[in-house]
Amino acid sequence: IAVGGISDILACGGRPLYYAHALTVDRRWEAEYLSRFGCGVRDVLLASGARFIGGDCGRSELWRCTVSVIGSCEGPPVLRRGAAPGDLIYLSGSVGAGNLEAALTLRGPAEPIRTQFSVRLAEAAVARKYAAACMDTSDGVCAALNTVADLNGCGYTVENLPYLPAGLRYLEQAGLPGTLLFLGECGEYELLFAVKPQHEALLLAEAQSAGLVFHRLGAFTPNGRVLREGGRTLDLSSLRMHARDFEQPQQYLQSLLQWLGQQRSSEP
């Protein structure tokens, strides 16, 4: 929750200063869990340098939390607009942590798996120097790519995606395609950004010096939306469904699987 709130500040090249949340606690939560919840938020704030400035807390039959973060930006912010055909697409981490959590919730784990979202403070400090456009992957990597492409009137081609190994293992055990880790809209709050080709060497050199890893996914193109993996080319242009359009996540999952099946059946 804390990482998700802070990631929007990082995506625009800012630094988080103040954090607040309005939390409604589930009446069934035990004291130990509440303590762990609070310690988790604390750890993120310590890692990011943001200060907790309060908020609100109550109890109900259902829990909910709304986070507000105030930050500062030295120089102009990094916007979602600014990408152009030919720009390279980079990601600050692996693909699929959020969608793995969703799969575990829907189907139950085959083995205990814990994922953790990272505070990408160091990555954001480097990326802001070279990013032509940036946003976080709160709604998944595919949704972030589509948003940036829509805003900038371009397409993209991506391949060799850095899937989370635990996610691939679990989906294989569940008989589901690993592509769902990319397509699903439960994100992992990584930073997705565009880099001009002439700035790539500088980005990678500074990242290596800082001990950071950025993954090159592909490039923005004049048109089309293409995923290449497993020897196949998947045309994503017709994928226009959104998780929020469905009442139940199982319906969304089935629609995604049906769409994937239709694309593969149309291959020559």
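Residues numbered from 1 in each chain as written. Predicted model: local features only at pLDDT ≥ 70, side-chain atom pairs only at ≥ 80, totals over all residues. Heavy atoms only, no water.

## Overview of the pattern of salt bridges
At step 1: According to the stated counting rule, one finds 10 salt bridges in the structure shown.
At step 2: The partner of Glu-61 in a salt bridge is Arg-27, and the shortest N-O contact between them spans 3.1 Å. Separated by 34 residues along the polypeptide, Glu-61 in the loop between β2 (51-60) and β3 (64-72) and Arg-27 in the loop between β1 (15-26) and α2 (31-48) bring together distant segments of the chain.
At step 3: Given a relative accessible area of 54%, Glu-61 falls into the exposed group.
At step 4: Across the pair Asp-87 and Lys-196 runs a salt bridge, and its minimum N-O distance is 3.1 Å. One end of the pair, Asp-87, is in the loop between β3 and β4 (88-91); the other, Lys-196, is in the loop between β7 (191-195) and α8 (200-209), and 109 residues separate them in sequence.
At step 5: Overall, Lys-196 belongs to the partly exposed group, its relative accessible area being 24%.
At step 6: If you follow the salt bridges from partner to partner, you end up with Arg-120, Glu-123 and Glu-190 in one network. (Salt bridge = Lys/Arg side-chain N within 4 Å of Asp/Glu carboxyl O. Helix = DSSP H or I, 4+ residues; strand = E, 2+ residues; numbered from the N terminus. Buried < 20%, exposed > 50% of the residue type's maximum accessible area, 1.4 Å probe, protein only.)

## As for the sheet that holds β2
At step 1: Reading across from one edge, β2-β1-β3 is the order of the 3 strands in this open sheet, with mixed pairing throughout. The sheet is open, and its two edges are formed by β2 and β3, each paired on a single side. The sheet shows a mean angle of 10° between the axes of neighbouring strands, taken without regard to direction.
At step 2: Pairing analysis gives 8 bridges linking β1 to β2, with the strands arranged parallel. Of the residues in β2, the one forming a bridge with Tyr-19 is Phe-52. (Pairing = 2+ DSSP bridges. Axes fitted to C-alpha atoms, helices over the stretch in contact; angles between N-to-C directions.)

## What about the nonpolar core?
At step 1: Grouped together as the largest cluster of nonpolar side chains are 43 residues, with contacts concentrated most on Leu-145, Tyr-156, Val-158, Phe-182, Leu-183, Phe-220 and Leu-236.
At step 2: For this core, the element with the most residues is helix α5 (residues 141-152), which contributes 6 residues.
At step 3: For Leu-236, the contacting residues outside a window of four places in its chain are Cys-142, Tyr-156, Phe-182, Leu-183, Arg-225, Val-226, Leu-227 and Trp-259.
At step 4: Counting 32 residues, the second-largest nonpolar core is a separate cluster that includes Ile-6, Trp-29, Val-78 and Phe-193. (Core = buried A, V, L, I, M, F, W, Y, C linked by side-chain atoms within 4.5 Å. Contact = heavy atoms within 4.5 Å.)

Remember that the coordinates give geometry; whether it matters functionally is a separate question.
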